[in-house]
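# Structure at a glance
Each chain, written out:
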Amino acid sequence: SIRLLTGNSHPKLAEAVAARLGIALTPCHVSKFLSLETSVQIHSSVRDEDVFILQSPSPPDINDHLMELLIMISACKTASAKRITAVIPCYPYARQDKKDKSRAPITAKLVANLLAVAGADHVITMDLHASQIQGFFDIPVDNLFSEPSMMGFIKAEIPDWKNGIIVSPDAGGAKRATALADRLNLDFALINRKRRRDLSASAAIPTVPPTPAGSDSGSQHGDEDERAMEKMELLVGDVKGKVAILIDDMIDTGHTVRLAAGVLKEAGAKEVYALISHGLLSETTMENLKDLPVKKLIVTNSIDQSDRMQATDGRMEVIDIAPVLAESIRRTHNGESISALFRQTYI
């Protein structure tokens, strides 16, 4: 039978998935000792059971959530669980997926190693920042897509979507955006981000402020020795008079969305919607969310957004991914194909 456990990262999502599966969450108490070490107590037998542990590490406690997940996996392994699947809707450290400069760690690979050593037999995640992260694992990985859910939202909630255009804010997200554009039979646009280095600090070229460490796209590593300047320009597509639907895999500081929306407005877009898979939305930028130049900011509930909804004055909406996760768990348990999830919309 299926056993579903969760830590402290997103209990609401776990409860929704359990309700969808028609099962109860396995009693599990996750807390901290006075020394701040993580304590895990599983109050029901998992011997010879098919165990799924749903944990979505998110700010400001990403490291604590990751440690909870690892300890829960280890606890189930030593309790003789038949199979352990880590369900991680938002994979932590996904942006640190390559050595982009000297002495930079590939932390996404380290997380993969930790999960395997802890005892995970299988990983289910969603909209990885880079699909190549699947290659960091020697165990099966299912990378789910939020694309079908986003497509359903666009058709149901965006007026005049047939006059829309799907936009990628950078080249890295072009494949994701073109796939959605093809399924909706809409045009595609690409924004080019230009980065330049001003070593003399005296150039008089109009620019926008540098992207802070931990920006929405690309690497998280800053460079204190150089002053980075960047601007965006529309490289492909005509957005004039159209509803621009901006697609990206995550939003953290909001810097990328702000720049891209500004470019689209300047190019004559009638309205701008931003559809983002993972809404990290760091606390430091909460006060700026309501100032984003978009009509609607739409994110999935891969990360709990209940405390963030008020900051946007009703301009933020959430797409529920519990049905997709529940169906992937059911199919995994029954040995069925997962690929059907990419062809249907589960609501």
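Here's what I pulled together on the structure shown here. (Residues numbered from 1 in each chain as written. Predicted model: local features only at pLDDT ≥ 70, side-chain atom pairs only at ≥ 80, totals over all residues. Heavy atoms only, no water.)

### Observations concerning the overall build of the chain
- Of regular secondary structure, the chain possesses 7 helices and 14 strands.
- Going through the 347 residues of the chain one by one, you find that 51% of them count as buried.
- Sequence separation of at least 24 residues holds for 66% of the intrachain contacts in the chain that already meet a minimum separation of 6.
- About 15600 Å² of surface is accessible on the chain, with carbon and sulfur atoms providing 50% of the total. (Helix = DSSP H or I, 4+ residues; strand = E, 2+ residues; numbered from the N terminus. Buried < 20%, exposed > 50% of the residue type's maximum accessible area, 1.4 Å probe, protein only. Contact = heavy atoms within 4.5 Å. Areas by Shrake-Rupley, 256 points an atom, 1.4 Å probe, with all protein chains shown as cover.)

### Thoughts on the sheet that holds strand E7 (residues 141-144)
- Strand order in the open sheet formed by 5 strands is E1-E4-E5-E6-E7, and the pairing between neighbours is parallel. The sheet is open, and its two edges are formed by strand E1 (2-6) and E7, each paired on a single side. For this sheet, the mean angle separating the axes of adjacent strands, direction not counted, is 20 degrees.
- Lying over the sheet, helix H7 (residues 322-334) contacts E1, strand E4 (50-54), strand E5 (83-88), strand E6 (122-126) and E7, oriented at roughly 160 degrees with respect to E4. (Pairing = 2+ DSSP bridges. Axes fitted to C-alpha atoms, helices over the stretch in contact; angles between N-to-C directions.)

### Overview of the nonpolar core
- Counting 32 residues, the largest nonpolar core has Ile53, Ile73, Tyr91, Leu115, Val123, Ile133 and Phe137 as the members making the most contacts within it.
- Of all elements in the fold, only E4, helix H2 (62-78), E5 and helix H3 (107-118) reach the threshold of two or more residues within this core.
- Tallying contributions element by element places H2 first for this core, with 6 residues.
- Not counting chain neighbours up to four residues away, the residues in contact with tyrosine 91 comprise Ala108, Val111, Ala112, Leu115, Thr125, Leu128, Ile133 and Phe137. (Core = buried A, V, L, I, M, F, W, Y, C linked by side-chain atoms within 4.5 Å.)

### A short note on the packing of aromatic side chains
- The final tally for this structure, using the stated rule, is 1 aromatic pair.
- Note on tyrosine 91 and phenylalanine 137: the rings are 6.1 Å apart at their centroids and 75 degrees apart in plane angle, and the pair reads as edge-to-face. Of this pair, tyrosine 91 sits in the loop between E5 and H3 while phenylalanine 137 is found in the loop between E6 and E7, placing the two residues 46 residues apart along the sequence.
- Look at phenylalanine 137 and you get buried, because its relative accessible area is 9%. (Phe/Tyr/Trp six-rings, centres within 6.5 Å; stacked < 30°, edge-to-face > 60°.)

### Here's the deal with the state of the cysteines
- Here the structure, examined in full by the defined rule, presents 0 disulfides.
- Free of any disulfide, cysteine 28 has its nearest neighbouring cysteine sulfur in cysteine 76, separated by 7.3 Å. (Disulfide = S-S within 2.5 Å.)

### Structural notes on the pattern of salt bridges
- Applying the stated criterion across every chain yields a total of 15 salt bridges.
- Across the pair aspartate 252 and arginine 95 runs a salt bridge whose closest N-O atoms are separated by 3.3 Å. With aspartate 252 in the loop between strand E11 (243-251) and helix H6 (255-266) and arginine 95 in the loop between E5 and H3, the pair connects residues that are 157 residues apart, well separated along the chain. The residues aspartate 252 and arginine 95 share a single accessibility class, namely buried. (Salt bridge = Lys/Arg side-chain N within 4 Å of Asp/Glu carboxyl O.)

### Some words on the packing of helix H4 (residues 147-157) against helix H5 (residues 174-184)
- Relative orientation of the contacting elements H4 and H5 amounts to 50 degrees, with a least axis distance of 11 Å. Taken together, the axes of H4 and H5 lie oblique to each other. In terms of crossing hand, the pair formed by H4 and H5 is right-handed. The segment H4 lies against H5, with Glu147, Pro148, Met151, Ile154 and Lys155 engaging Ala179, Leu180, Arg183 and Leu184.
- Class assignment of the residues belonging to the contact of H4 with H5 gives a composition of 6 nonpolar, no polar and 3 charged. (Parallel < 35°, antiparallel > 145°, perpendicular 65-115°, else oblique. Left-handed = near helix turned anticlockwise from the far one by under 90°. Nonpolar A, V, L, I, M, F, W, Y, C, P; charged D, E, K, R; others polar.)

### Points about H3
- Between the first and last C-alpha of H3 there are 16 Å, a value that for 12 residues agrees with the 16 Å anticipated at 1.5 Å per step.
- Where H3 is concerned, the buried positions are Thr107, Ala108, Val111, Ala112, Leu115 and Ala118. Seen from one end, H3 has its buried residues packed into an arc of 155 degrees, which puts them on one side.
- The inward-facing, buried residues of H3 contact H2, E5 and E6.
- A positive phi of about 125 degrees marks glycine 119, the residue just after H3. (Expected span 1.5 Å × (residues − 1). Arc of directions from axis to C-beta.)

### Notes on unusual backbone geometry
- For the bond running from proline 59 to proline 60, omega is 5 degrees, close enough to zero to count as cis.
- Structurally, the position occupied by proline 60 is in the loop between E4 and H2.
- For leucine 36, which is not glycine, the phi dihedral falls at a positive 75 degrees.
- Positioned with a positive phi, aspartate 127 is a non-glycine residue whose angle comes to about 45 degrees.
- Relative to the assigned elements, aspartate 127 resides in the loop between E6 and E7.
- On the basis of relative accessible area, aspartate 127 is assigned to the buried category, the value being 7%.

### Notes on the side chain of threonine 107
- Residue placement: threonine 107 occurs in helix H3.
- The exposure class of threonine 107 is buried, given its relative accessible area of 12%.
- With residues near it in sequence (within four places) discarded, threonine 107 still touches Tyr93 and Gln96.

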